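Commentary on secondary and tertiary structure
Listed here are the chains, written in short residue letters.
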Amino acid sequence: MSGFSYDITDVVHLLQLRVRHKNSSSMDVNCPFCGETKGKMNVNLQKNVFRCNRCDASGGMLELYGRLHAVSSAEANRQIREALGKGEYRTDYQVVHKEEPVEIFNAELADADVIDRTYQEMLSLLTLNDKHQEDLKKRGLTKEQIKIQRYRSVPLFGIKNMVQKLLESGQTVKGVPGFYEDHDGKWTINFTSKNSGILIPIRSMEGKIQGFQIRLDQVMEGRKYIWLSSVKFQNGVSSGSPVHVIGSLDAEQIYLTEGALKGTIAHYLSGDTFICVAGVNQYRNLKPVLETLKSRHLQHLYEAYDMDKKMKVYCDGDSEKCDACQRKPATFYCPHKMQKRQILQNACRKVYEICSGLSISMSRMVWDMDSYGEWNGQIKGIDDYYYVLKNTG
């Protein structure tokens, strides 16, 4: 960075942040602001910026240091320079790998048409197993709707043969999220037993497949959904967290929710148009979608995020976080629940700010509420809400 004799890598080392993953362009570290321990904070080594995908803390390298030490950017710069000069910069930090990490170089994201063609051909080589089909039907989808959306099961064998067939058919895999080169320099895809589940196509406004989320068979580090990505592998690439859109693009009223499967189910149950982000803090790709829809007929956006945005924050002494909680005996408010609800509400405010800037009116959808205006804890998602309405109406 011009004007500095150090970069954000030095700041990460100086702060002794726990590095979970690292490649040539970025590293994932535990977030020092919200205290998560799964490496949710991404540090961009090329742009010298950071962002936590859980609490949305973000900024440059001076802000990373300054916010943690409660000092200005100028003072942060002075302290960093002094600390580095004194040799306080840790050079023995541990990346969480048993072996020394190999330098990873990522490919450039391929053109949208190339990505769509490769994914469409890949889906033609895959199937949906009976269990996954029944799971989708239980969520409210019909067999025909499942067929239209082209849901598939993550394959557990024959993966390299499938990739070879794609290459032989003339498809491009370099720059397509999920594909990468293995240790022998052969192309493969990031399908493993750990990420087995249902492949959920993420479609653009034009209907092109931009990427995939995987609804996992087994929860991984507290997550039910992950992106099909190969950013941590040689010549791999990030999914980029694209936005999923389903329904009429000319609707005057459109709904925003988290999760492509959830939004797709809600669309089929209601007939409404849904914009679906991967999570409440994944709003950065939302603005251009709203701008395009505003140029058509969009007038009003309904925020339909999960109802834990209205969760009760009373301490019930029955949370998985209780054992690690320092506020014992049980207090009136649970700090973990308060922090989670605050993160959700901050994300909602970000969407309001985007809509305000685009002169799009916006309101919040709520359901399953008690007399105090808080969530009853029964019906969480908008798809669940519409499913209950359909089956009780």
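Given the structure is predicted, the values throughout are model-derived calculations rather than measurements.

1. Section: the packing of aromatic side chains
- In this structure the tally under the stated criterion is seven aromatic pairs.
- Seen from their ring centres, tyrosine 119 and phenylalanine 212 are 4.6 Å apart, and the 80° between their planes marks the pair as edge-to-face. Of this pair, tyrosine 119 sits in helix α4 (residues 112-124) while phenylalanine 212 sits in strand β10 (residues 209-220), and the two are 93 residues apart along the sequence.
- Residue classification places phenylalanine 212 among the buried positions, given a relative accessible area of 0%.
- Ring geometry for tyrosine 385 against tyrosine 386: centres 5.8 Å apart, planes inclined by 35°, an arrangement best described as tilted.
- On the basis of relative accessible area, tyrosine 385 is assigned to the partly exposed category, the value being 23%.
- Taken together, the aromatic side chains of Tyr255, Phe274 and Tyr302 make up a single cluster linked through ring pairs.
- Taking NZ or CZ as reference, arginine 51 lies 5.8 Å from the ring centre of tyrosine 283, over its face.
- Residue placement shows arginine 67 over the ring face of phenylalanine 33; its charged tip is 4.5 Å from the ring centre.

2. Comments concerning the sheet that holds strand β12 (residues 244-246)
- Spatial ordering of the open sheet is given by β12-β14-β13-β15-β16, a layout of five strands whose pairing is mixed. Looking at which strands have only one partner, the edges of the open sheet turn out to be β12 and β16 (361-364). Strand-to-strand, the axes of this sheet are offset by a mean angle of 25°, without reference to chain direction.
- As defined by bridge partners, β12 adjoins strand β14 (residues 273-277) across three bridges and the pair is classed as antiparallel. Counterpart to histidine 244 in the pairing with β14 is cysteine 276.
- Contacting β12, β13 (253-258), β14 and β15 (300-303), helix α9 (residues 286-294) runs over the sheet at an angle of about 160° to β14.

3. Some points on the sheet that holds strand β1 (residues 19-22)
- Strand order in this open sheet of five strands is β1-β2-β3-β4-β5, and the pairing throughout is antiparallel. In this open sheet, the two strands that pair with only one neighbour each are β1 and β5 (58-60). Adjacent strand axes in the sheet meet at a mean angle of 20°, parallel and antiparallel pairs treated alike.
- With four bridges joining them, strand β3 (residues 41-44) and strand β4 (residues 49-52) adopt antiparallel strand pairing. Within the sheet, the bridge partner assigned to asparagine 44 lies in β4 and is valine 49.
- Of the strands in this sheet, β3, β4 and β5 are in contact with helix α2 (residues 61-69), which crosses β5 at around 115°.

4. Here we look at the state of the cysteines
- Inspection of the entire model under this criterion finds zero disulfides.
- No disulfide involves cysteine 31; its nearest neighbouring cysteine sulfur is the one of cysteine 52, lying 3.7 Å away.
- A relative accessible area of 0% means that cysteine 52 is categorised as buried.

5. Describing the UniProt feature "domain: Zinc finger CHC2-type" (unreviewed entry) in the protein
- Using the residue numbers shown here, the UniProt feature "domain: Zinc finger CHC2-type" (unreviewed entry) corresponds to residues 9-82.
- This span, residues 9-82, is 34% helix and 26% strand, and a straight line between its end C-alpha atoms measures 16 Å.

6. What to know about α4
- Taking 1.5 Å per residue as the helical rise, α4 with its 13 residues ought to reach 18 Å, and the 19 Å between its terminal C-alpha atoms agrees with that figure.
- Buried within α4 are the following residues: Val114, Ile115, Asp116, Thr118, Tyr119, Met122 and Leu123.
- Buried residues along α4 sit against β6 (152-153), α7 (159-168), β7 (179-181), β8 (187-189), β9 (197-203) and β10.
- At the N-terminal end of α4, a side-chain oxygen is found 2.9 Å from the backbone nitrogen of aspartate 113, two or three residues along, and the residue is aspartate 111.

7. A closer look at the side chain of serine 241
- The topology assignment puts serine 241 in the loop between β11 (223-227) and β12.
- In terms of polar contacts, serine 241 uses its side chain to reach the side chain of glutamine 282, at 3.2 Å.
- Non-local contacts of serine 241, meaning those with residues more than four positions away in its chain, are made with Trp227, Gln282 and Asn285.

8. As for the pattern of salt bridges
- Within this structure, the stated rule accounts for 14 salt bridges.
- Between lysine 232 and aspartate 28 there is a salt bridge, and its shortest N-O distance comes to 3.9 Å. Of this pair, lysine 232 sits in the loop between β11 and β12 while aspartate 28 sits in strand β2 (residues 26-29); the two residues are 204 residues apart in sequence, bridging distant segments of the chain.
- Here lysine 232 falls in the partly exposed class, since its relative accessible area comes to 40%.
- Aspartate 28 gets classed as buried once you look at its relative accessible area, which sits at 15%.
- A salt bridge links lysine 160 to aspartate 182, with the shortest nitrogen-to-oxygen separation between them at 2.6 Å. Here lysine 160, found in helix α7, pairs with aspartate 182, found in the loop between β7 and β8; they are 22 residues apart in sequence, far enough to count as distant.
- Look at aspartate 182 and you get buried, because its relative accessible area is 15%.
- Linked by salt bridges that have partners in common, Glu303, Lys309 and Arg364 make up one network.

What counts, and where the lines are drawn
Residues numbered from 1 in each chain as written. Predicted model: local features only at pLDDT ≥ 70, side-chain atom pairs only at ≥ 80, totals over all residues. Heavy atoms only, no water. Phe/Tyr/Trp six-rings, centres within 6.5 Å; stacked < 30°, edge-to-face > 60°. Helix = DSSP H or I, 4+ residues; strand = E, 2+ residues; numbered from the N terminus. Buried < 20%, exposed > 50% of the residue type's maximum accessible area, 1.4 Å probe, protein only. Lys NZ or Arg CZ within 6 Å of the ring centre and 35° of its normal. Pairing = 2+ DSSP bridges. Axes fitted to C-alpha atoms, helices over the stretch in contact; angles between N-to-C directions. Contact = heavy atoms within 4.5 Å. Disulfide = S-S within 2.5 Å. UniProt positions renumbered as here; feature names shortened; annotations may be inferred. Expected span 1.5 Å × (residues − 1). Polar contact = N/O pair within 3.5 Å; in protein donor to acceptor, adjacent residues only side chain to side chain. Salt bridge = Lys/Arg side-chain N within 4 Å of Asp/Glu carboxyl O.

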